[in-house]
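Survey of secondary and tertiary structure
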Amino acid sequence: CKDAGCCWPCRLGACVLSVRLAARISLDAVSMEHLPLNLAVVPSSKDSAPKKFSISANGVQLARFEYLRLVDPSRRVQTFSLPKPVVTDRVTVSIE
């Protein structure tokens, strides 16, 4: 979804999203994208957007990451490499 306001709503505290894939994959990286600041309904939403998150597979936490606002607004997608690939069909993203 690329429309403003079409985001994953997350209140204070941790939010969790678990996905079961149709087939097993070799997971070696994940990407996160944030809404462009010029489309934010509330200017302060840049401070409330989730930044810290962790990735788990098969019930085991693989890594923790932090999305950093870049100076270049055209680069909203950030890709994070896992320490080592894991084969799985279940992935969990936990927003902190």
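In case you missed it, the structure is sitting above this.
Predicted model only: the values in this text are computed from it and were never measured. (Residues numbered from 1 in each chain as written. Predicted model: local features only at pLDDT ≥ 70, side-chain atom pairs only at ≥ 80, totals over all residues. Heavy atoms only, no water.)

1. Observations concerning the overall build of the protein
Formally: Numbered from the N terminus, helices here are DSSP runs of H or I no shorter than four residues, and strands are runs of E no shorter than two. Any two residues having at least one pair of non-hydrogen atoms within 4.5 Å are treated as being in contact. Surface accessibility in these figures is a Shrake-Rupley result with a 1.4 Å probe; residues are shielded only by whichever protein chains are displayed.
Summing up its helical and strand segments, the protein has 1 helix and 4 strands in all. Mapped from its N terminus to its C terminus, the protein presents α and β elements in the order β-α-β-β-β. Residue pairs in contact within the protein that sit at least 24 positions apart in sequence constitute 70% of those at least 6 positions apart. Total accessible area on the protein stands at roughly 6,900 Å², and carbon and sulfur atoms take up 56% of it.

2. Points about the packing of aromatic side chains
Filter applied, for reference: Under the pairing criterion, centres of Phe, Tyr and Trp rings, with the six-membered ring standing for Trp, must be within 6.5 Å; the plane angle then separates stacked pairs below 30 degrees from edge-to-face pairs above 60, leaving the rest tilted. Burial here depends on accessible area, computed with a 1.4 Å probe over protein chains only, as a share of the maximum for the residue type. Under 20% is buried, over 50% is exposed, and the range in between is partly exposed.
Counted under the stated rule, the structure contains 3 aromatic pairs. Between phenylalanine 53 and phenylalanine 80, the ring centres sit 5.3 Å apart and the planes meet at 80 degrees, which makes this aromatic pair edge-to-face. With a gap of 27 residues between them, phenylalanine 53 in strand S2 (residues 52–57) and phenylalanine 80 in strand S4 (residues 77–95) connect regions that are remote in the sequence. A relative accessible area of 2% places phenylalanine 53 in the buried class. When its relative accessible area of 11% is taken as the criterion, phenylalanine 80 is described as buried. What links up through ring pairs into an aromatic cluster is the set Phe53, Phe65 and Phe80.

3. Some details on the side chain of serine 56
Among the structural elements, serine 56 can be located in strand S2. Look at serine 56 and you get buried, because its relative accessible area is 14%. Those residues in contact with serine 56, other than ones at most four positions away along the chain, are Gln61, Leu62, Arg90, Val91 and Thr92.

4. Things to note about the sheet that holds strand S3 (residues 60–66)
Through backbone hydrogen bonds, the strands of a sheet pair up, either in parallel or in antiparallel fashion. Threshold: The pairing criterion for strands is at least two bridges between them, as found by DSSP. In this description, a line fitted to the C-alpha atoms serves as the axis of each element, helices being fitted only across the stretch in contact, and the angle between N-to-C directions of two axes falls anywhere from 0 to 180 degrees.
With antiparallel pairing, the 4 strands of this open sheet are ordered in space as S1-S4-S2-S3. Whereas interior strands pair on both sides, the edge strands pair on one side only; in this sheet they are strand S1 (15–33) and S3. Sheet twist, expressed as the average angle between the axes of neighbouring strands with direction ignored, equals 30 degrees. Where S2 and S4 come together, 5 bridges link them in antiparallel fashion. Looking at S4, one finds that alanine 57 is bridged to valine 91.

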